[in-house]
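Remarks on the overall topology
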Amino acid sequence: MEKREEGVNEEGAAAAAAVEAAGEAEEAEVNPWEVSGKIDYDKLIDKFGCQRLDQSLIDRVQRLTARPPHVFLRRGVFFAHRDFNEILDAYERGDKFYLYTGRGPSSEALHLGHLIPFMFTKYLQDAFKVPLVIQLTDDEKCMWKSLSVEESQRLARENAKDIIACGFDVTRTFIFSDFDYVGGAFYKNMVRVAKCVTYNKVVGIFGFTGEDHIGKVSFPPVQAVPSFPSSFPHLFNGKDHLRCLIPCAIDQDPYFRMTRDVAPRIGYHKPALIESSFFPALQGDTGKMSASDPNSAIYVTDSAKDIKDKINRYAFTGGQDTKEKQRLYGANLEVDIPVKYLSFFLDDDDELEHIKTEYGSGRMLTFDVKKRLIEILVEIVERHRRARAAVTDEMVDAFMAVRPLPSMFS
Ligand code: TRP
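Residues numbered from 1 in each chain as written. Predicted model: local features only at pLDDT ≥ 70, side-chain atom pairs only at ≥ 80, totals over all residues. Heavy atoms only, no water.

1. Details of helix H2 (residues 41-48)
Which entries qualify depends on this criterion: For every residue, the accessible area obtained with a 1.4 Å probe (protein chains only) is divided by the maximum for its type, and the residue is called buried under 20%, exposed over 50%, and partly exposed between those limits. Here a helix means four or more residues in a row that DSSP labels H or I, a strand means two or more in a row labelled E, and each is numbered from the N terminus. In this description, the arc belongs to the directions extending from the helix axis to the C-beta atoms. Here a polar contact is taken to be a pair of N or O atoms separated by no more than 3.5 Å, where protein atoms must pair a possible hydrogen donor with a possible acceptor and residues adjacent in sequence count only if both atoms sit in side chains.
Turning to H2, its buried residues number three or more, namely Tyr 41, Leu 44, Ile 45 and Phe 48. Buried residues in H2, looked at end-on, bunch into an arc of 105°, giving them a common side. Two or three places before Asp 42, at the opening of H2, Asp 40 has a side-chain oxygen 3.0 Å from that residue's backbone nitrogen. The positive-phi residue at the C-terminal boundary of H2 is Gly 49, with phi of around 75°.

2. Focus: the site of the ligand
As a reminder of what qualifies: One heavy atom suffices: a residue is near a molecule or strand as soon as one of its heavy atoms comes within 4 Å of it. To measure how exposed things are, a 1.4 Å probe is used in the Shrake-Rupley method; for residues, cover is taken only from the protein chains shown. Each residue gets one label: Ala, Val, Leu, Ile, Met, Phe, Trp, Tyr, Cys and Pro are nonpolar, Asp, Glu, Lys and Arg are charged, and the others, such as Gly, are polar.
Surveying the vicinity of the ligand reveals 14 residues, the closest of which are Tyr 100, Gln 135, Glu 140, Gln 223 and Gln 252. Within the backbone of Gly 104, an N or O atom sits 3.1 Å from an oxygen atom of the ligand. Take Gln 135: an N or O atom from its side chain is 3.0 Å from a nitrogen atom of the ligand. Protein contacts shield 91% of the accessible area of the ligand, which totals 370 Å² for the unbound molecule. Those elements that provide at least two residues to the shell around the ligand are strand S5 (97-103), helix H7 (138-144) and strand S8 (243-249). Broken down by element, the residue count for the shell around the ligand peaks at four residues, all from S5. A class-by-class count of the residues in the shell around the ligand yields four nonpolar, seven polar and three charged.

3. Some points on the pattern of salt bridges
To keep it simple, the criterion reads: Salt bridges, as used here, are contacts in which a Lys or Arg side-chain nitrogen is within 4 Å of a carboxyl oxygen on Asp or Glu.
Applying the stated criterion across every chain, the model contains 31 salt bridges. Across the salt bridge formed by Asp 89 and Arg 60, the nearest N and O atoms sit 2.9 Å from each other. Of the two residues, Asp 89 sits in helix H5 (residues 84-92) while Arg 60 sits in helix H3 (residues 55-65), which places them 29 residues apart along the sequence. A salt bridge links Lys 201 to Asp 261, with the nearest nitrogen and oxygen atoms 3.0 Å apart. Here Lys 201 is found in helix H11 (residues 199-206), whereas its partner Asp 261 is found in helix H15 (residues 253-262), with 60 residues between them in sequence. We classify Lys 201 as partly exposed; its relative accessible area is 25%.

4. Describing the packing of helix H6 (residues 112-128) against helix H20 (residues 366-389)
What counts is decided by this rule: Only C-alpha atoms enter the line fits that serve as axes; for helices the fit covers just the stretch in contact. Angles between N-to-C directions range over 0 to 180 degrees. By definition in this entry, angles of less than 35 degrees are roughly parallel, angles greater than 145 are roughly antiparallel, angles of 65 to 115 are roughly perpendicular, and the rest are oblique. In this analysis, two residues are considered to be in contact whenever any of their non-hydrogen atoms come within 4.5 Å of each other.
At their nearest, the axes of H6 and H20 sit 13 Å apart, and the two run at 70° to each other. It follows that H6 is roughly perpendicular to H20 by the angle criterion. Facing H6, whose interface residues are Leu 112, Leu 115 and Met 119, H20 presents Leu 377, Ile 380, Val 381 and His 384. Here the residues of the contact of H6 with H20 are counted per class, giving six nonpolar, one polar and no charged.

5. Some thoughts on the sheet that holds strand S7 (residues 173-177)
Formally: Note on pairing: DSSP must find at least two bridges between two strands before they are called paired.
Pairing in this open sheet of seven strands is mixed, and the strands run S3-S4-S9-S8-S5-S6-S7 from one edge to the other. Pairing within the sheet leaves two strands with one partner each, and these edge strands are strand S3 (51-52) and S7. Judged from the four bridges that link them, strand S4 (residues 78-82) and strand S9 (residues 272-276) form a sheet pairing that is antiparallel. Residue pairing for S9: Arg 82 is matched across the bridge by Leu 273. Across the sheet, H2 touches S3 and S4, and the angle it forms with S4 is around 10°. Lying on the sheet, H15 is in contact with S4, S5, S8 and S9; it crosses S9 at an angle near 170°.

6. A short note on the packing of aromatic side chains
The cut-off we apply is this: Put simply, two rings from Phe, Tyr or Trp (the six-membered ring, in Trp's case) pair if the centres are within 6.5 Å, and we call them stacked under 30 degrees between planes, edge-to-face over 60, tilted for the rest. Here, a charge over a ring is recorded when the distance from Lys NZ or Arg CZ to the ring centre is within 6 Å and its angle to the ring normal is within 35 degrees.
For the coordinates displayed, the defined rule picks out 36 aromatic pairs. Ring centres 4.9 Å apart and planes at 10° place the aromatic pair Trp 33 and Trp 144 in the stacked group. One end of the pair, Trp 33, is in the loop between strand S1 (29-31) and strand S2 (34-36); the other, Trp 144, is in helix H7, and 111 residues separate them in sequence. The class of Trp 144 is buried, set by a relative accessible area of 18%. Taking the centre distance of 5.4 Å and the plane angle of 75° together, the rings of Phe 174 and Tyr 181 count as edge-to-face. In terms of burial, Phe 174 and Tyr 181 fall into one category: buried. Members of the aromatic cluster, joined through ring pairs, are Trp 33, Tyr 100, Trp 144, Phe 206, Phe 208, Phe 219, Tyr 255 and Phe 256. The positively charged end of Arg 257 is found above the aromatic ring belonging to Phe 48, 4.5 Å away from the centroid.

Pasting the structure below:
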């Protein structure tokens with residue numbers, strides 16, 4: 001089973017060459033533990049060596065699923081990929097795949113940015129009718145944050161409720177906590193991966209230093225192996241060649257660059273990826289939202305009044321500061337956060353275009369754009385709150401039970 005070959009690391013080499021090509025203009029930081037600065041997503045694609053998700057792929061998704069592409073695809077929220085075309089080729093031939101995504105449970109309250117990968121994964125699950133595994137990396141957060149083992153596990157269960165509230169189908173979805181599930185076939189794959197990754201290699205990919213504890217250095221295989229169907233014998237027994245598609249934010253790319261590098265050496269398919277940009281902070285488009293500043297984000301626990309106040313008070317606007325000037329010059333839509341948020345959450349393409357034209361030309365005022373945004377966000381957050389309140393402990397247990405999934409591919 002284990003094919004060993006020492007081939008060159010193409011993905012790493014391409015990434016390294018691209019970093020050089022990108023030169024010094026590298027102020028933004030994007031890695032699994034830090035996202036900051038003004039991110040140039042085109043540069044990031046070159047730097048990481050992934051591919052742009054272009055219109056022809058979106059059209060293909062529409063054709064294959066016979067439904068309109070999700071708003072996050074149409075608006076370029078998910079903008080990069082690795083081998084997504086191969087997943088679609090296989091699907092077209094009648095070969096299914098499975099989805100893998102995850103969350104590091106570091107906080108009780110989730111903000112809208114946290115929900116984006118899950119909303120999108122839910123759409124993929126429904127559109128392609130495929131099974132899904134969701135990893136809760138309570139071990140990762142315990143090791144990176146000052147959280148006890150017990151507290152990380154408690155947060156994992158709390159976060160599982162928010163994830164379930166996104167509407168996943170329990171007959172197709174397995175949610176697991178690393179602390180509970182690591183072992184058996186999963187652990188065997190971790191060891192296979194670990195043997196293929198040198199210390200120099202993880203330092204190169206993740207930037208660990210001599211001061212980092214060894215828990216961090218040994219963690220990457222934990223996030224790698226859900227990419228392999230044999231890590232889930234209760235789901236995919238005998239389906240070792242099933243392909244895996246990972247929807248994630250692009251800061252997770254380093255984990256999967258490592259995974260893809262190792263996969264062929266241990267006889268497995270490389271997982272495919274579909275990667276998103278970050279949901280910007282209310283204060284403007286520099287990185288993702290900060291858990292330490294409650295006014296930088298809309299939380300799923302915010303009341304209608306909180307949402308209204310935050311948008312009105314903190315949302316960075318490209319509108320002019322007086323009515324007269326706005327009528328005269330219009331808004332700068334490039335930097336305007338209300339417009340940016342609408343482009344994530346206002347499904348109606350015609351209405352979004354209308355708002356952009358009117359607001360950009362000055363016929364519409366910032367106040368009215370914010371008002372529309374508040375309506376939409378209040379509705380999303382209230383719907384989420386109702387759904388989460390309906391998630392019982394029994395439901396969490398049902399999603400997290402190690403069991404076969406009855407309607408995996410139908
Ligand atoms: N490391 C991720 C985080 O901190 C959690 C995670 C684990 C994940 N596996 C994943 C995210 C797969 C996306 C896809 O949030």
